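Geometric and topological summary
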Amino acid sequence: MNKKERLENSMEQKRGRASILFEHPPVIRSIASVAGTKEGKGPLGSLFDAVEQDDKMGKENWEEAESAIQEKAARMAMAKAYLTEGKIDYCFAGDLLGQLIATSFGTGSLKIPLLGLYGACATMGEALGLGAMTVNAGYGENVLVMASSHFATAEKEFRFPLAYGSQRPFSATWTVTGCGAVVIEKAVQGNDKVKIRGLTTGRVIDLGVRDSMNMGAAMAPAAALTVLQNFEDLNVDETFYDRIITGDLGRTGGTIFCQMMREKGYEIKDRYMDCGIEIFDGSDQDTHSGGSGCGCSAVTLCAMILPKLQSGQWKRVLFLPTGALLSNISFNEGQTIPGIAHAVILESPKV
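Keep in mind it's a predicted model, so treat the numbers as computed, not measured.

1. As for the overall build of the protein
- Helix and strand counts for the protein stand at 11 helices and 17 strands.
- Relative to the 2.2 N^0.38 estimate, which gives 20 Å for 351 residues, the radius of gyration of the protein is 19 Å and therefore close to what a compact globule would have.
- Taken along its principal axes, the extent of the C-alpha atoms in the protein is 65 × 50 × 40 Å.
- Of all 351 residues assigned to the protein, the portion counted as buried reaches 57%.
- Across the protein, every contact between residues at least 6 apart in sequence was considered, and the portion connecting residues at least 24 apart equals 78%.
- When the accessible area of the protein is evaluated, it comes to approximately 14800 Å², of which 51% is carbon and sulfur surface.
- Charged side chains of the protein number 35 positive and 41 negative; the gap between the two group centres comes to 4 Å.

Structural data, given as structure tokens:
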């Protein structure tokens, strides 16, 4: 195949404005999830590969702890794939902190070429999409993707000091402590692993929300736009998917999202889920609207979503991590909170 033929073949996989359907979908070779103490007491607690009893991981500060969680998840995923660091071509990873310090320090010991990502809480979707594109294009045989967050590091960076004891409105979410890691590889004939069938890349949507305690409202419009773009690009509707799963809209944002989809003529409530709602017990764990953070969708993906696809319980899922693109600087300067959402189409090997 010459250069022109390769280019034409790659363009044939593009669908519409913002979507890709892979001709030979990359597959998930291995997964790993490391969660914190509170997450371990939630509904998914028994599904995580590791639940830490010390959220500080024996480190001097919370940021070092998040790096340690990320490194642990990465090494677990590689071990499950029977791969050494030298066999991983690239790592796509990110977190919520300034200059991605959890990722920078967490992946340094891995000695894997790193492409650090910031998509706020949508980072796991961004990482999966870029990792799948890299493998599909032949630039690497095995790619590691992951995202992490930590309740204490996020509170320190974005909100009030914990000792301040500020009251949280019902719309507020609880940042998940945890990291999900996935190894992506090229598909081979007869492969029995979950496929990354395609993706729809989101764009920034800003409807003027300024309340940092209501991230769901800031992100819901971006989620709706990405799903509508996916439907348009692929000429499908909500019935194409067994589940449409957002990353961390929570109860408040999830209600807004479903209403926005309903106004466009799509009734998705019976197949809609949100990682932030699934990861905590809403009645007993006092997390208000639910969970949030990069690690929220990442650990839920690895602990619950991918195993259900692998078993054939679900045939096809639209995994839709959602992100609020603010920083402490932009918020303190009175800026609005733009949102973004990246969709990844995941298929059971039984499809």
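There is more to say, and it comes next.
2. Digging into the nonpolar core
- The biggest cluster of nonpolar side chains holds 49 residues, and the ones touching the most others in it are V182 and I305.
- At 11 residues, the largest contribution of residues to this core is made by helix α10 (residues 294-311).
- V182 has contacts with I28, S30, I31, M124, L128, V143, L144, V145, L301, C302 and L306, leaving out every residue within four places of it along the chain.
- Membership of the second largest hydrophobic core comes to 29 residues, among which are I205, A218, A222 and Y241.

3. Examining unusual backbone geometry
- A positive phi is found at Q99, a non-glycine position, where the angle reads about 60°.
- Take Q99: it is sitting in the loop between β5 (90-94) and α4 (101-107).
- Residue classification places Q99 among the exposed positions, given a relative accessible area of 72%.
- Positive phi outside glycine occurs at L100, with the angle close to 50°.
- In this structure, L100 sits in the loop between β5 and α4.
- A residue is classified by how much of its surface remains accessible, and L100, at 15% relative accessible area, is buried.

4. Quick look at the packing of aromatic side chains
- If you walk through the whole model with that rule in mind, you get 3 aromatic pairs.
- For the ring pair F240 and Y241, a centre distance of 5.0 Å and an interplane angle of 80° mean the geometry is edge-to-face.
- The class for F240 is partly exposed, based on a relative accessible area of 29%.
- Residue classification places Y241 among the buried residues on the basis of a relative accessible area of 0%.
- Between K56 and the ring centre of W62, over which it is positioned, the NZ or CZ distance is 5.2 Å.

5. Thoughts on the pairing of strand β17 (residues 343-347)
- With 5 of 5 residues buried, β17 is to be regarded as a mostly interior element.
- On β17, burial covers both faces: A343, I345 and E347 on one face and V344 and L346 on the other are all buried.
- Across 5 bridges, the pairing between strand β10 (residues 195-200) and β17 is antiparallel. Residue pairing for β17: I196 is matched across the bridge by L346.
- Strand direction decides the pairing type here: strand β14 (residues 316-320) and β17, joined by 4 bridges, are antiparallel. Across the sheet, residue F319 finds its bridge partner in β17, namely V344.

6. A closer look at the state of the cysteines
- All told, the structure shown has 0 disulfides when counted by the stated rule.
- Here C91 stays unpaired: no disulfide links it, and the sulfur of C179, its closest cysteine neighbor, is 9.1 Å away.
- Free of any disulfide, C258 has its nearest cysteine sulfur in C275, 14 Å distant.

Analysis parameters
- Residues numbered from 1 in each chain as written.
- Predicted model: local features only at pLDDT ≥ 70, side-chain atom pairs only at ≥ 80, totals over all residues.
- Heavy atoms only, no water.
- Helix = DSSP H or I, 4+ residues; strand = E, 2+ residues; numbered from the N terminus.
- Rg over C-alpha atoms; globule rule 2.2 N^0.38 Å.
- Buried < 20%, exposed > 50% of the residue type's maximum accessible area, 1.4 Å probe, protein only.
- Contact = heavy atoms within 4.5 Å.
- Areas by Shrake-Rupley, 256 points an atom, 1.4 Å probe, with all protein chains shown as cover.
- Lys, Arg positive; Asp, Glu negative; His and termini not counted.
- Charge placed at Lys NZ, Arg CZ, Asp CG, Glu CD.
- Core = buried A, V, L, I, M, F, W, Y, C linked by side-chain atoms within 4.5 Å.
- Phe/Tyr/Trp six-rings, centres within 6.5 Å; stacked < 30°, edge-to-face > 60°.
- Lys NZ or Arg CZ within 6 Å of the ring centre and 35° of its normal.
- Pairing = 2+ DSSP bridges.
- Disulfide = S-S within 2.5 Å.

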